[in-house]
Amino acid sequence: MNMAAILFRVEARRPASYLLLLAAIGGVSVAGSGPAVGGPRTAVGFLLGGVLAVAALGAPIPAPAGHLGGPAAAMAAIAARLGWPVIGGCVGALASPAGPSGAALAGFHSLAGFHSLAGFLLGVGFAAALVAFLERQLPNRADVASGALVITAGAGLAGAAAWHRFADNSLAGRAAVLVAVLAAIGVAVVVARMPLAARKPRGTGRLIASGEPARGRLDLVGMAAALTGMVVCLFLAPESAAANRIVVVACFVALAVPEATITPVSLGRGWSRLLESVPLRPLGGGKRIGMTDLVSESVGFHALLLGWPSLVALALLASDRERSAGAMATVALLAGSAAITWGVASLVRRRTDGGTALAAVVAVLVVVWMVVVTYPPA
C-alpha cells in the first residue's frame, strides 16, 4: 500500500473529513443549480472550495508524516486531507440539477454544474497554496486560516464583481476578472507589508488572541471592508445592498471562525490537546451553559467590529423604509451567522480538536447557505 493510501485511511478516522465531504457534495450541487446562489456559479464554487480547503487544513498535519518520506510525504498528507472535499465536489457536480444528462455531456464546458466544479477546484488549489505559504510566515495557525480566507474571499468577490460588470462581453469579462484577482492579491501584499506594531492580546489572562501584527492587519481589513460596504452599498448605491451582506458575512467567517475554533498559539501536540480539552468557564463560578471565553470573545468582538457600520446606517436611514431594509438585513444575517458560529463552536470545541471544530462550523454554515439559496424568503 503506497503512502497516499495510508494517509487517506488515516484521514478517514477524522470526523472532519466526513463533514467536509458532505458539505462539498451539497454545496457544489446547489452552486450549480441556478442563479439563486447570488452570483456567477464559478465564483460561488471558488469561494466554497476555498472555505472547505482551509477547513480541511485547519488542524496541523501529524508530525510523523514528515518522517516517513520528507517533503513528498508532507505533500501526500495535504493531498489526503484535500481529497475528501474534492471527491465531495465531484459527486456534487454530478448530482446537481445542472449536471450531465445524456447528450449534454458533449458540451462539458456549457454545463452549469461543471462551471461550479471548475471554480470549486480552483478555489481549493488557491486556498491550499495560500495556507502552505502563510504557514511559513505566521506562527499562529488561526491567523494562517484567517489570512487565507480573507485573500480567497477578496479574490473571489472581486472576480465576481468584475464579471458582472462585463457580463455582455466574455473576452472583456475574462480580462476584468484576471485584473480584479491580481488587484486583490496586490492589496493583500501591500497590507501585509504595512508597518503595524503588535497589539495587546484580547482577553483577561487567557489564550484568547495572539496579539500578533497579522491579526491586527486582518481585523483592520475586515473593518475597512465593512465601512466601504456601508458607504457604497447602503448610501451611494442602495440597489446593491445585497453585496454589503455578502462582504460582511464573508469577513465574519474569515476572521471569527478560525479564531473561535483553532487554538491561537503554536504549541506541541500534547499541550494543544490538553488546552483544547479544558473547558474555559468563568472563574466566578458562572453557569453560562456551553459558553467558552475563547468562542464568546472572538464571535462577539468580530460581530461588533463588522456590524456597527450597518447599525449606524440603519439608524441614519430609519426614516427611509426601503433603504433601511438593506442595513437591517445585513445586521440580521450577521447576527444569525454569529449565533450559529457561537453555538456550534461552543458545543463541539469541548469534545474535539480545533480542526474538527472548524470543519463543523463551516459545514453548518454551508448547510444554512444551501437552505437559504434553495428556499429564498418571499
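Residues numbered from 1 in each chain as written. Predicted model: local features only at pLDDT ≥ 70, side-chain atom pairs only at ≥ 80, totals over all residues. Heavy atoms only, no water.

Just to check I follow, could you spell out the side chain of Asp219 for this structure?
Tracing the chain through its elements places Asp219 in helix H9 (residues 213-236). Of the polar contacts made by the side chain of Asp219, one reaches the side chain of His302; its length is 3.1 Å. (Helix = DSSP H or I, 4+ residues; strand = E, 2+ residues; numbered from the N terminus. Polar contact = N/O pair within 3.5 Å; in protein donor to acceptor, adjacent residues only side chain to side chain.)

I tried to follow the confidence of the model for the chain on my own but got confused; where do I start?
Close inspection of predicted coordinates is inappropriate in any region flagged by low pLDDT. Taken as a whole, the chain shows an average pLDDT of 80; of its residues, 77% reach a score of 70 or greater. Here residues 204-209 is a poorly scored stretch, pLDDT under 50, and it has 19 contacts once near neighbours within four places are set aside; other chains count. With pLDDT under 50 throughout, residues 280-291 is counted as low confidence; its partners more than four residues away or in other chains account for 23 contacts. (pLDDT = per-residue confidence, 0-100. Contact = heavy atoms within 4.5 Å.)

Got a minute to help me understand the packing of aromatic side chains in this structure?
The way to describe two aromatic rings as a pair is by their centre distance and the angle between their planes. Counted by the stated rule, this structure contains two aromatic pairs. When the ring of Phe46 is compared with that of Phe126, the centres are 5.5 Å apart and the planes differ by 50 degrees; the resulting orientation is tilted. With Phe46 in helix H3 (residues 41-56) and Phe126 in helix H6 (residues 112-134), the pair connects residues that are 80 residues apart, well separated along the chain. Overall, Phe46 belongs to the buried group, its relative accessible area being 14%. Positioned above the aromatic ring of Phe166, the side-chain terminus of Arg165 is 5.2 Å from the ring centre. (Phe/Tyr/Trp six-rings, centres within 6.5 Å; stacked < 30°, edge-to-face > 60°. Buried < 20%, exposed > 50% of the residue type's maximum accessible area, 1.4 Å probe, protein only. Lys NZ or Arg CZ within 6 Å of the ring centre and 35° of its normal.)

Please explain the nonpolar core as it appears in this structure.
Considering soluble globular proteins, one finds that nonpolar side chains tend to be buried as a cluster. In terms of nonpolar packing, the biggest core is built from 61 residues, with Leu52, Phe120 and Phe252 touching the most fellow members. By residue number, the principal contributor to this core is helix H14 (residues 354-374), which donates 11 residues. Counting five residues, the second largest nonpolar core, distinct from the first, contains Met230, Leu234, Ala241 and Ala327. (Core = buried A, V, L, I, M, F, W, Y, C linked by side-chain atoms within 4.5 Å.)

Looking at this model, I keep getting lost on the pattern of salt bridges. Mind explaining?
Any two side chains of opposite charge can pair, on the condition that their charged atoms come close. Overall, the coordinates contain five salt bridges when judged by the stated rule. The closest approach of N and O atoms between Glu11 and Arg81, which form a salt bridge, is 3.2 Å. Of this pair, Glu11 sits in helix H1 (residues 3-11) while Arg81 sits in helix H5 (residues 71-95), and the two are 70 residues apart along the sequence. The same class applies to Glu11 and to Arg81, which are both buried. (Salt bridge = Lys/Arg side-chain N within 4 Å of Asp/Glu carboxyl O.)

What is the right way to read a nonpolar patch on the surface from this model?
Taken together, the side chains of Trp308, Leu311, Val312 and Leu316 define a hydrophobic patch exposed on the protein surface, amounting to about 380 Å² of accessible area. For Trp308, the location among the structural elements is in helix H12 (residues 293-316). The partly exposed category is assigned to Trp308, whose relative accessible area is 37%. (Patch = residues over 30% accessible without salt bridge, like charges linked within 9 Å, V, L, I, M, F, W, Y side chains within 5 Å. Areas by Shrake-Rupley, 256 points an atom, 1.4 Å probe, with all protein chains shown as cover.)

Where do I start with the side chain of Arg141 in this structure?
Within the secondary structure, Arg141 sits in helix H7 (residues 141-165). One polar contact links the side chain of Arg141 to the main-chain carbonyl oxygen of Gly58, over a distance of 2.7 Å. The contacts of Arg141, once residues within four sequence positions are left out, are Leu57, Gly58, Ala59, Pro60, Glu135 and Ile262.

Looking at this model, I keep getting lost on the environment of Pro139. Mind explaining?
Note on placement: Pro139 falls in the loop between H6 and H7. Sequence separation between Pro139 and Ala214 is 75 residues, and the spatial gap between their C-alpha atoms is 10.0 Å.

Explain the packing of H1 against H5 here, please?
A pair of packed helices is captured by two measures, namely the crossing angle of their axes and the spacing between those axes. Orientation of H1 relative to H5, taken along the N-to-C sense of each, is 55 degrees, at an axis distance of 9 Å. Comparing the axis directions of H1 and H5 gives the class oblique. Two packed elements cross with a definite hand, and for H1 against H5 that hand is right-handed. For the pair H1 and H5, the contacting residues are Met3, Leu7, Phe8 and Glu11 in the first and Ala73, Ala76, Ala77, Ala80, Arg81, Trp84 and Ile87 in the second. (Axes fitted to C-alpha atoms, helices over the stretch in contact; angles between N-to-C directions. Parallel < 35°, antiparallel > 145°, perpendicular 65-115°, else oblique. Left-handed = near helix turned anticlockwise from the far one by under 90°.)

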